[in-house]
Amino acid sequence: MPFFYGTEIASRLMLGTAQYPSPAILADAFKRSGAGVATVSIRREAGGERAGQDFWDLIRDLNVQVLPNTAGCHSVREAVTTAQMARELFDTRWIKLEVIGHADTLQPDPFGLVEAARILTEDGFQVFPYCTEDLVLCDRLLSAGCGVLMPWGAPIGTGLGLNNIYGLRSLRAHFPDVPMVIDAGLGLPSQAAQAMEMGFDAVLLNTAVAKAGDPAAMAEGFAKAVEAGTLARRADPMEPRDMAAPSTPVLGKAFLE
Amino acid sequence: MSVAITIRGAGVVGLCVATELASRGFQISIHDPAPTPGPQACSWWAGGMLAPFCEGESAEEPVGRLGQQAADWWAAQGVEVVRNGSLVVTLGRDRQELDRFTRRTEGHVTLDSGALAKIEPQLEGRFDRALHFPDEAHLNPRRALMALRTRLEAAGVRFEKSDAMPDGQVIDCRGLAARDTLTDLRGVKGEMVILRAPDVELLRPVRLLHPRFPLYIVPRGDGVFMLGATQIESGERDRATVRSVMELLSAAYALHPAFGEAELVEIGVDARPAFPDNLPRVRRRGRVIYVNGLYRHGYLLAPALARMVADLLIEGNRPEVMDEDRG
């Protein structure tokens, strides 16, 4: 299993914890999929006197690695403050850094992201930046101290899958040793399998599972797809080619006519 | 001589249980630190939709089934129940949300824009498609609470200002306050807005589906509308945020631009009591029966739970939502 900042994760499937019909169904989804990391938003839930504590206790009871996030933050300052709050609440240096740049598409703000990543890294955080597949942006994030990248497949909640295959492939190829998680935009297990086949280390999703008619079944489907994609990657797949190659030798017939 | 029972909590659950038990001959008193219906109870802030079919989209099975008793029960208590059904619509680019809702619910008919305009004239031309749930209903929650209280008083039920544990048989309906004993209970924060929009006329609740900002609007009569409601995993019972209110208001504005000129009458916030599966529970521990966790389904489920409690006390029938019975 891949290591993120020196910690080995239990599964290549990571799940968000928002929008499920109930915390019980959320727990089922984790149980059936064996997902190894749970992301949790705190920006809106925090309030006075740790008002979100009951829900966070339920997340802790899942017994998986918790990755708090800064979802809902639109500025560097908001994201940094939220990250600091998260560190206190969950006693972890991990933070999934989201700095939203566009309210409608929830597209990351690349400029704010780099700045916030630098501030948080200097403050001792281990930053998981939610970013686009842009090579230059990813390079800057690595220079800012990030040890993991989380490029999107497509905008959050769209379920469109891997929107820019070329960009993602080229990102993977340019930084072969950086752990990378495809975060956001996945709608179907086949898309998760594709990400794993392309050599990404893990996938993180939320809406595709939480909003499915049967979230736990969908989570299990994703887990199986992630496993399939990982196996395929390791097995060194054949190259696609144009000429047919029959798997049974065609004896006694002229060939290359 | 009839059996004396004390009910703790004068919210929707306490009042419904009291009504049901009083009607079956028990001698009831109700204890609450604030025994008059008011903003201290989260049922004060409810929408008052009796929408068992719509709720089936996200709630588990018992909610829809048990909720189908609600409209008749409330009407039988003399509460004004408006049986005009309810509508579900979506804005153009979110039409998949309506497809999903259609797949996951029962008891609806699809209306085209002409049919929609016929039953809800002010929505004419605004939506090309809507779902109509003809068997759903709604009520005014505050009036409903007041009506139950008035009837109970007339029936000789005593209301006492008290937060202490009473003697004898107790039914604990304190909602989130029972978290001191029911440790798996949590709060789910909800924010709502009340508007006065004399230019808008809606005859039934309308739900606007949206991937990020879902909204429902319940007409309360006299040009007054309730917009609800956020659902945030937090036990916070005050502090409506700008973001939440802005989301509710812009969704309402998107539903009908005339809401832009509405008067802001009230901004409300409270936390709903919920168990981890968001389903209600009846628990018996010695002389105390707990009825709690009705989540966002207070008015929809309280009648069914009240009946279950009565059947438990009279017939010894174990309620289907009972998960603990310790003598």
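Here the structure is a predicted model, which is why all the values come from computation and not from measurement. (Residues numbered from 1 in each chain as written. Chains lettered and ligands numbered in written order. Predicted model: local features only at pLDDT ≥ 70, side-chain atom pairs only at ≥ 80, totals over all residues. Heavy atoms only, no water.)

### A look at the overall build of chain B
How we decide: Note on conventions: DSSP H or I runs of at least 4 residues are helices, E runs of at least 2 residues are strands, and numbering of each starts at the N terminus. This radius of gyration counts C-alpha atoms alone. The globule rule is 2.2 Å times how many residues there are, raised to the power 0.38. For each residue, the accessible area found with a 1.4 Å probe, counting protein chains only, is set against the maximum for its type, and the residue is called buried under 20%, exposed over 50%, and partly exposed in between. Should any heavy atoms of two residues lie within 4.5 Å, those residues are considered in contact. Positive residues here are Lys and Arg, negative ones are Asp and Glu, while His and the chain termini are left out of the count. Where a charge sits is defined by one atom per residue type, namely NZ (Lys), CZ (Arg), CG (Asp) or CD (Glu).
When helices and strands are tallied, chain B shows 9 helices and 18 strands. Here the C-alpha atoms of chain B give a radius of gyration of 20 Å, agreeing with the 20 Å that 2.2 N^0.38 yields for 327 residues. With the principal axes as the frame, chain B shows a C-alpha extent of 60 × 35 × 35 Å. When the 327 residues of chain B are sorted by exposure, 58% land in the buried category. Look at the contacts in chain B between residues 6 or more apart in sequence, and 76% of them connect residues 24 or more apart. A distance of 3 Å separates the average location of the 40 positive side-chain charges in chain B from that of its 44 negative side-chain charges.

### A short note on helix H9 (residues 298-315) of chain B
Applicable threshold: By this rule the span expected of a helix is its residue count minus one, scaled by 1.5 Å.
Look at H9 of chain B: 25 Å from first C-alpha to last across 18 residues, which is about the 26 Å you get at 1.5 Å a residue. With 13 of its 18 residues buried, H9 of chain B lies for the most part within the structure.

### Things to note about the pairing of strand E10 (residues 202-205) of chain A
Residues and elements named next belong to chain A. To be explicit about the condition: Note on pairing: two strands pair once DSSP finds at least 2 bridges between them. For crossovers, right-handed means that the path from the first strand over the helix to the second runs clockwise, given strands pointing away from the viewer.
Where burial is concerned, the two faces of E10 agree: the one with Ala202 and Leu204 and the one with Val203 and Leu205 are both buried. Looking at chain direction, strand E3 (residues 13-16) and E10 are connected through 3 bridges and run parallel. Paired with leucine 13 across the strands is valine 203, a residue of E10. This β-α-β element, strand E9 (residues 181-183) to helix H7 (residues 189-197) to E10, shows right-handed connectivity.

### Concerning the packing of aromatic side chains
To keep it simple, the criterion reads: Here a Phe, Tyr or Trp ring, Trp counted by its six-membered ring, pairs with any other such ring whose centre lies within 6.5 Å, and the pair is stacked when the planes are under 30 degrees apart, edge-to-face when over 60, and tilted otherwise.
Under the counting rule described, the total for this entry stands at 9 aromatic pairs over all chains. Ring centres of tryptophan 94 of chain A and phenylalanine 128 of chain A lie 4.8 Å apart, and the angle between their planes is 55°; on these two criteria the pair is classed as tilted. In this pair, tryptophan 94 of chain A sits in strand E6 (residues 94-97) while phenylalanine 128 of chain A sits in strand E7 (residues 126-131), placing the two residues 34 residues apart along the sequence. The interplanar angle of 90° and the centroid separation of 5.3 Å between the aromatic rings of phenylalanine 225 of chain B and phenylalanine 259 of chain B together place this pair among those described as edge-to-face. In this pair, phenylalanine 225 of chain B sits in strand E14 (residues 224-228) while phenylalanine 259 of chain B sits in the loop between helix H8 (242-255) and strand E15 (263-274), placing the two residues 34 residues apart along the sequence.

### Topic: the pattern of salt bridges
Pairs may arise between side chains of opposite charge once their charged atoms sit close together. Residue and element names in this part refer to chain B. The line we're drawing: Salt bridge, as applied in this entry: a Lys or Arg side-chain nitrogen positioned within 4 Å of an Asp or Glu carboxyl oxygen.
Tallying each qualifying case throughout the model produces 42 salt bridges over all chains. For arginine 174, the salt bridge goes to aspartate 172, with nearest N and O atoms at 2.9 Å. Like aspartate 172, arginine 174 is buried. A salt bridge links arginine 239 to glutamate 236; the shortest N-O distance between them is 3.0 Å. A single network of salt bridges, built from pairs that share partners, joins Asp184, Asp277, Arg281, Arg283, Arg285, Asp323, Glu324 and Arg326.

### Digging into the nonpolar core
Nonpolar side chains in soluble globular proteins tend to end up buried together. Residues and elements named next belong to chain B. The line we're drawing: What makes a nonpolar core is a set of buried Ala, Val, Leu, Ile, Met, Phe, Trp, Tyr and Cys residues whose side-chain atoms join them at distances within 4.5 Å. An automatic or database domain assignment is the source of the domain bounds shown.
Ranked by internal contacts, the top residues of the largest apolar core, which has 71 residues, are Ile7, Ile30, Leu50, Trp74 and Ile171. At 11 residues, H9 tops the list of elements feeding residues into this core. Each of domain 1 (4-52 + 140-182 + 278-315) and domain 2 (86-134 + 186-274) contributes no fewer than three residues to this core. Beyond its immediate stretch of four places on either side in the chain, isoleucine 30 contacts Ile7, Gly9, Ala10, Leu15, Ala18, Leu152, Val157, Arg158, Phe159 and Glu160.

### A short note on the packing of helix H1 (residues 12-23) of chain B against H9 of chain B
Residues and elements named next belong to chain B. For clarity, the threshold we go by: Inter-axis angles, ranging from 0 to 180 degrees, are taken between N-to-C directions of lines fitted to C-alpha atoms, where helices are fitted over the stretch in contact. Oblique is the label for every angle not falling under 35 degrees (roughly parallel), over 145 degrees (roughly antiparallel), or within 65 to 115 degrees (roughly perpendicular). Helix crossings fall into two classes, left-handed where the near helix is turned counterclockwise from the far one by less than a right angle and right-handed where it is turned clockwise. Residues are grouped as follows: Ala, Val, Leu, Ile, Met, Phe, Trp, Tyr, Cys and Pro are nonpolar; Asp, Glu, Lys and Arg are charged; all remaining types, including Gly, are polar.
Relative to each other, H1 and H9 sit at 40°, their axes nearing to 8 Å. Considering the angle they form, H1 stands oblique to H9. In the crossing of H1 with H9, the sense of the turn from one axis to the other is right-handed. Residues Val12, Val13, Cys16, Val17, Glu20 and Leu21 of H1 form the contact with H9, whose participating residues are Gly298, Tyr299, Ala302, Pro303, Ala306, Arg307, Val309, Ala310 and Leu313. For the contact of H1 with H9, the residue count by class is 12 nonpolar, 1 polar and 2 charged.

### Thoughts on the interface of chain B and chain A
Formally: Buried area is calculated as the accessible area (1.4 Å probe) missing from two parts once they are joined, with the contributions of both summed. N or O atoms within 3.5 Å of each other form a polar contact, as long as, within protein, one can give a hydrogen and the other can take it, and as long as residues adjacent in sequence are counted only when both atoms are side-chain atoms.
Opposite the 24 residues of chain B that make contact, chain A presents 23 residues. For the pair chain B and chain A, the summed buried area comes to about 1800 Å², and 45% of that belongs to carbon and sulfur atoms. Among the residues of chain B in contact with chain A, Arg212, Glu233 and Arg243 of chain B are the three that bury the most area, contributing 29% of the side total. Summed over the shared surface of chain B and chain A, the number is 2 salt bridges. Where chain B packs against chain A, one counts 8 residue pairs in polar contact (both at pLDDT 80 or more). Counting residues per element, the ones that place at least two in the side of chain B that touches chain A are helix H5 (95-104), strand E11 (186-196) and H8 of chain B. Broken down by element, the side of chain B that touches chain A gets its largest block of residues, 3 residues, from H8 of chain B.

### Notes on the UniProt feature "binding site: 1-deoxy-D-xylulose 5-phosphate" (unreviewed entry) in chain A
Residue and element names in this part refer to chain A. Which entries qualify depends on this criterion: UniProt positions are given in the numbering used here, feature names are shortened, and annotations may be inferred rather than shown by experiment.
UniProt records the feature "binding site: 1-deoxy-D-xylulose 5-phosphate" (unreviewed entry) at Gly157, Ala184, Gly185, Asn206 and Thr207, using the numbering of this structure. Taking the farthest pair of C-alpha atoms as the criterion, the annotated set spanning 51 residues converges on one region, since that pair is 9.1 Å apart. Inspection of the secondary structure puts glycine 157 in the loop between strand E8 (150-151) and helix H6 (165-174). Since its relative accessible area comes to 47%, glycine 157 is described here as partly exposed. If sequence neighbours within four positions are ignored, asparagine 206 has contacts with Gly16, Thr17, Ala18 and Tyr20.

### Observations regarding the sheet that holds strand E8 (residues 137-139) of chain B
Residue and element names in this part refer to chain B. One open sheet holds the 3 strands; their spatial order is E3-E8-E4, and the pairing between them is antiparallel. Strands at the two margins of the open sheet, each flanked by one partner only, are strand E3 (49-50) and strand E4 (81-82). As judged from the 2 bridges shared by E3 and E8, these two strands associate in the antiparallel manner. Within E8, the residue paired with leucine 50 across the bridge is alanine 137.

### Brief notes about the sheet that holds strand E1 (residues 4-8) of chain B
Strand pairs in the sheet, formed through backbone hydrogen bonds, run parallel or antiparallel to each other. All names here are of chain B. A sheet is described by the order of its strands in space; here 7 strands give the open sequence E9-E2-E1-E10-E17-E16-E18, paired in mixed fashion. Bordering the open sheet on either side are strand E9 (158-161) and strand E18 (322-326), each of which pairs with just one other strand. Adjacent strand axes in the sheet meet at a mean angle of 20°, parallel and antiparallel pairs treated alike. Pairing between strand E2 (residues 27-32) and E9: 4 bridges, direction parallel. Directly across from aspartate 32, in E9, lies its bridge partner lysine 161. Helix-sheet contacts for H9 involve E1, strand E10 (169-172), strand E16 (281-285), strand E17 (288-292) and E18, and the interaxial angle to E17 is about 160°.

### Considerations on the confidence of the model for chain B
Selection rule: The quantity known as pLDDT measures the predictor's confidence residue by residue, on a range of 0 to 100.
When pLDDT is averaged along chain B, the result is 94, and 100% of the positions lie at 70 or above. For this predicted complex, the interface confidence reaches an ipTM of 0.84, while the overall pTM sits at 0.87.

### A short note on the environment of leucine 145 of chain B
All names here are of chain B. With respect to the helices, strands and loops of the structure, leucine 145 is situated in helix H7 (residues 141-154). On a C-alpha basis, the gap between leucine 145 and alanine 251 in space is 28 Å, while along the polypeptide they are 106 residues apart. Apart from residues lying up to four places away in sequence, leucine 145 is in contact with Gly11, Val12, Leu15, Pro37, Ser43, Trp44 and Tyr299.

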